[in-house]
Amino acid sequence: MKEYEWNEYKDHAIEIAKKAGSLLLDGFSSTTSISNQSSDPRHLVTRFDLESEKLIIDSIRKKYPEHNILSEETGFINNQSHYTWIVDPLDGTRNFVSKNPFFSVSIALLYKRDIVVGVIYAPVLDELYTTEKGKGAFLNGHRVSVSEVRDIKKSFIVSCEGSDKRITRSVRLFQGIRPLVIDMRKLGSAAIESAWVASGRAEAYVVTKINPWDIAAGILLVEEAGGRVTDFRGKKWNLKRSDLILSNGKIHELLLSIVNRTLNE
Ligand code: LIP
């Protein structure tokens, strides 16, 4: 695979993330109330999730009709390709509905088992995070890197329960980690939380049961920013691994042992 090809895919992901972001921005700014389109009241889906997803999927299908797409609301479109686009058309729907600006569009491209492109766009913040395998991580065109903090006591951690509805483990993780660090917060968008690790705003993101569309772009972003991503057993990410630590690398081993001690107590 030639390098310039990843670049072409990244440019396309940027173009559609920005278009989807501007659609979301219109919805966010409008005064009309936003209803849940899902029959399951625990799963929040607005018309903006669906419109953003349609825009992104239509655009990918037009340009790369032979590729697979895994998207939050539509599921898996399997064309038996080595390429799979992983899409969250609106990550942080709860924030969006509550008029909290921490929401984003997240688009990643998987080639075989490797994430090769990642784009996260937070339209209200006007922050565009981009990455391509082997080429570094960028925020609005400026290179970013993970933080240099090595001391857990000086670490700022972001966290969420992903799709873990029982939240027992995330409550225990808060009890186990929070007393040891500067602060531990939930921002409400996994993509933004991982982007914060990549850009050095947080030392780590600890998450249980996260779905691939929430995290795929963020994983490559953190790795390309010099960080480390593993599951709670220290194993490399794959589509089936959902309990994850994304960190600056320096506090990773210690955080792994704290997480395991806390959950196995
Ligand atoms: C959300 C995540 C958020 C997590 C939620 C949910 P959605 O994604 O990004 O951080 O706590 O459980 O998965 O559903 O808004 O795309």
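Treat the numbers as computed from the prediction; the structure is a model and nothing was measured.

**Student:** Now, about the site of the ligand: what can you tell me, with residues and values included?
**Tutor:** For the ligand, the set of nearby residues contains 13 residues, the closest of which are Asp88, Asp91, Gly92, Thr93 and Gly162. Aspartate 91 places a side-chain nitrogen or oxygen 2.5 Å from an oxygen atom of the ligand. Between the ligand and the protein, one listed contact pairs an oxygen atom with a backbone N or O atom of alanine 190 at 2.8 Å. Per-element tally for the shell around the ligand: the top contributor is strand β3 (residues 83-91), with three residues.

**Student:** How would you sum up unusual backbone geometry? Please name residues and give values.
**Tutor:** In the Ramachandran plot, aspartate 126 falls in the positive-phi region, its phi being about 50 degrees despite a non-glycine side chain. Looking at the secondary structure, you find aspartate 126 in the loop between β5 (114-122) and β6 (127-132). Overall, the relative accessible area of 45% leaves aspartate 126 in the partly exposed class.

**Student:** Run through helix α5 (residues 190-198), naming residues and quoting values.
**Tutor:** Most of α5 sits inside the fold, with nine of its nine residues counted as buried. Within α5 the residues assigned to the buried category are Ala190, Ala191, Ile192, Glu193, Ser194, Ala195, Trp196, Val197 and Ala198. Just downstream of α5 lies glycine 200, where phi reads positive at about 80 degrees.

**Student:** Summarise the sheet that holds strand β12 (residues 228-231); cite the residues concerned and give the values.
**Tutor:** With mixed pairing, the five strands of this open sheet are ordered in space as β10-β9-β11-β13-β12. Edge positions in the sheet fall to β10 (183-185) and β12, since each has one partner strand and no second. Mean inter-strand twist for the sheet, computed between neighbouring axes without regard to direction, equals 15 degrees. Here α5 sits on the sheet and contacts β9 (156-160), β10, β11 (204-207) and β13 (244-247); the angle it forms with β11, its principal contact strand, is near 145 degrees. On the sheet, helix α7 (residues 252-264) packs against β9, β11, β12 and β13 and is oriented at approximately 20 degrees with respect to β12.

**Student:** For the packing of aromatic side chains, give the residues involved together with the corresponding values.
**Tutor:** Two aromatic rings, taken as a pair, are described by how far apart their centres are and by the angle between their planes. Tallying each qualifying case throughout the model produces 13 aromatic pairs. Relative to tryptophan 85, the ring of tyrosine 64 lies with its centre 5.7 Å away and its plane at 20 degrees, an arrangement referred to as stacked. Of the two residues, tyrosine 64 is situated in the loop between α2 (47-63) and β1 (68-71) and tryptophan 85 in strand β3; the sequence distance between them amounts to 21 residues. Of the two residues, tyrosine 64 and tryptophan 85, both sit in the buried class. A connected cluster of aromatic rings, assembled from ring pairs, spans Trp6, Tyr9, Tyr64, Tyr83, Trp85 and Tyr111. The side chain of lysine 99 reaches across the aromatic face of phenylalanine 28, ending 5.4 Å from its centre.

Here is what the cut-offs are and how they apply
- Residues numbered from 1 in each chain as written.
- Predicted model: local features only at pLDDT ≥ 70, side-chain atom pairs only at ≥ 80, totals over all residues.
- Heavy atoms only, no water.
- Near = heavy atom within 4 Å.
- Polar contact = N/O pair within 3.5 Å; in protein donor to acceptor, adjacent residues only side chain to side chain.
- Helix = DSSP H or I, 4+ residues; strand = E, 2+ residues; numbered from the N terminus.
- Buried < 20%, exposed > 50% of the residue type's maximum accessible area, 1.4 Å probe, protein only.
- Pairing = 2+ DSSP bridges.
- Axes fitted to C-alpha atoms, helices over the stretch in contact; angles between N-to-C directions.
- Contact = heavy atoms within 4.5 Å.
- Phe/Tyr/Trp six-rings, centres within 6.5 Å; stacked < 30°, edge-to-face > 60°.
- Lys NZ or Arg CZ within 6 Å of the ring centre and 35° of its normal.

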